[in-house]
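# Overview (structure and organization)
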Amino acid sequence: MDVQTTTTTTSAMKRTLLIINCIILAIGNCGGPLVMRLYFIRGGKRIWFSSWLETGGWPIILIPLLVAYIRRRSRSNSPTKLILIKPRVFTAAAVIGVLTGLDDYLYAYGVAKLPVSTSALVIATQLAFTAVFAFFMVKQKFTAYSVNAVILLTVGAVVLGLHTNSDRPEGESSGEYLLGFFLTLAAAALYGLILPMVELTYKKAKQALSYTLVLEMQLIICFFATAFCTVGMLINNDFQAIGREAKVYELGETKYYLVIVWSAIIWQCFFLGAIGVIFYSSSLLSAIVITVLLPVTELLAVIFYHEKFQAEKGISLFLSLWGFISYFYGEIKHNKKKNSDATETELTPQCADP
């Protein structure tokens, strides 16, 4: 097999794995908010517990890690390392984990106070934050189209924030709604920072990168995020309240535990997919995938929870989609120009020195 064929095969495999991670991310990104909202609207009230569930499913990652270890061991005659991650990457993952725990709480508070369709639109601003942080942290290049996308997404969130009374849940004060709105916006900003931090960790790892290492990083990130939320639960006495809350849950005690178990599983898909997309592409693409799934989450919220879809949400959704299309059009145009320039360079004859 020649070098060109090997390169093509490797590229095709990378695209396949990227698509798989995008699908996993889609499941978590659409299902996570819906299951979390189901917890709250049917009688759940523990915000720290809900944020804990976002990363509490981290033991699931031990399964693919065990499979990867067994495969490495079967292919090698020499002693096989059980853990690949080095202290430098471990420390970075731990810091990112604590920030993720804080982000979990901010987001959970927003979902507790806002309809899913509203919180999803606010979270769409994450693309703008990711673009800005990626520019400074990993030298992500900007084009006129990506700048336009950032502006449109920001304006979309502002439009949504100007009309807060129309979709405020019954029994909730205007102050609670606004606090939920701004904490959700803060969650979007913080996760917009976290994604480039993960990409920067890859670049500065100083060790061989593999998907197994990515899984180990994700395990550490989720462990420290869960530990952060566990402290909040202990302070708030959430562990003692779970049993009582299950007994009075509108859907019944059994379904209460089904909701929280599936919440942990689905959210784990979100984090695994996000970190996988970063590994096979970039933090900015991960944020873009999250944003493009916005209409799906919107539609599911309207179908399952009969949420209102007022004019300002329509405008915000239109601006968000416009921003997304603008970004992707710019990327396609940039890649075509890049490929064209590369082809011209290859075809240009090299002149010999006189």
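The model shown is predicted, which means the values in this text are computed figures rather than measured ones. All residue numbers here refer to positions counted from 1 along the written sequence of the relevant chain. Local features in a predicted model are, by the rule used here, given only for residues with pLDDT of at least 70; side-chain atom pairs are given and counted only at 80 or more, and totals for whole chains, interfaces and linings are based on all residues. As a rule here, side-chain values come from all non-hydrogen atoms in the structure, and water together with hydrogens is ignored.

Now for the pattern of salt bridges. Each reported salt bridge corresponds to a side-chain nitrogen of Lys or Arg within 4 Å of a carboxyl oxygen of Asp or Glu. The final tally for this structure, using the stated rule, is 3 salt bridges. Where Glu250 meets Arg42, a salt bridge forms, and the shortest distance between an N and an O atom there is 3.4 Å. Linking Glu250 in the loop between α10 (238-247) and α11 (253-280) with Arg42 in the loop between α1 (3-41) and α2 (47-55), this pair joins segments that are 208 residues apart in sequence. For the exposure calls, accessible area comes from a 1.4 Å probe over protein chains only, and a residue counts as buried if that area is under 20% of its type's maximum, exposed if over 50%, partly exposed in between. Overall, Glu250 belongs to the exposed group, its relative accessible area being 54%. Notably, a salt bridge pairs Lys113 with Glu176, separated by 3.7 Å at the nearest N-O pair. Of this pair, Lys113 sits in helix α4 (residues 87-113) while Glu176 sits in helix α8 (residues 174-203), and the two are 63 residues apart along the sequence. Strands here are runs of E lasting at least two residues and helices are runs of H or I lasting at least four, both read from the DSSP assignment and numbered beginning at the N terminus.

Only the stretch in contact is used when fitting a helix axis, every axis being a line fitted to C-alpha atoms; angles between N-to-C directions are given from 0 to 180 degrees. Contact geometry of helix α5 (residues 116-123) with α8 gives a least axis separation of 8 Å together with a crossing angle of 40 degrees. Compared by their axis directions, α5 and α8 come out oblique. For α5 against α8, the interelement crossing comes out right-handed. For the pair formed by α5 and α8, the contact residues are Thr118, Ser119, Val122 and Ile123 on the first element and Tyr177, Phe181, Thr184, Leu185 and Ala188 on the second. Here is the rule for angles: anything less than 35 degrees is roughly parallel, anything more than 145 is roughly antiparallel, 65 through 115 is roughly perpendicular, and the remaining ranges are oblique. Crossing handedness follows the turn of the near helix against the far one: under a right angle anticlockwise gives a left-handed crossing, and clockwise gives a right-handed one. Contacts between residues were defined by any pair of non-hydrogen atoms, one from each residue, lying within 4.5 Å.

Further remarks concern the nonpolar core. In summary, soluble globular proteins display a tendency toward joint burial of nonpolar side chains. Among the nonpolar cores identified, the biggest contains 78 residues, and Phe49, Tyr191, Val198, Met217 and Tyr256 are the most heavily contacted of them. Take this core: its biggest share by element is 13 residues, from α11. Here Tyr191 is in contact with Asp103, Gln126, Phe270, Phe271, Ala274 and Ile290, once residues within four sequence places are set aside. Counting residues in each nonpolar core, the second largest holds 5 residues, with Leu65, Leu215, Leu219 and Leu272 among its members. Side-chain atoms within 4.5 Å are what join buried Ala, Val, Leu, Ile, Met, Phe, Trp, Tyr and Cys residues into a set we call a nonpolar core.

In this section: the packing of aromatic side chains. Here a pair means two rings of Phe, Tyr or Trp (six-membered ring of Trp) with centres within 6.5 Å. Their orientation is stacked below 30 degrees between planes, edge-to-face above 60, and tilted elsewhere. By the definition in use, this model includes 25 aromatic pairs. For the ring pair Trp58 and Phe223, a centre distance of 5.4 Å and an interplane angle of 85 degrees mean the geometry is edge-to-face. Taken as a pair, Trp58 in the loop between α2 and α3 (62-75) and Phe223 in helix α9 (residues 211-235) lie far apart in primary sequence, 165 residues in all. Classification of Trp58 as partly exposed rests on a relative accessible area of 22%. The class of Phe223 is partly exposed, set by a relative accessible area of 40%. Ring centres 5.4 Å apart and planes at 90 degrees place the aromatic pair Phe181 and Phe182 in the edge-to-face group. A relative accessible area of 6% places Phe181 in the buried class.

Attention shifts here to a nonpolar patch on the surface. Residues form patches when they are more than 30% accessible in relative terms and have no salt bridge. Like charges link within 9 Å. Nonpolar side chains (Val, Leu, Ile, Met, Phe, Trp, Tyr) link within 5 Å. Note that accessible areas follow from Shrake-Rupley with a 1.4 Å probe, and for residues the cover is restricted to the protein chains shown. A contiguous nonpolar surface patch, about 600 Å² in accessible area, is contributed by Val132, Phe135, Phe136, Phe142, Val147, Ile151 and Val155. At the level of secondary structure, the elements contributing two or more residues to the nonpolar patch comprise α6 (126-137) and α7 (144-162). Following the sequence through the fold, Val147 ends up in helix α7. By relative accessible area, Val147 is classed as partly exposed at 38%.

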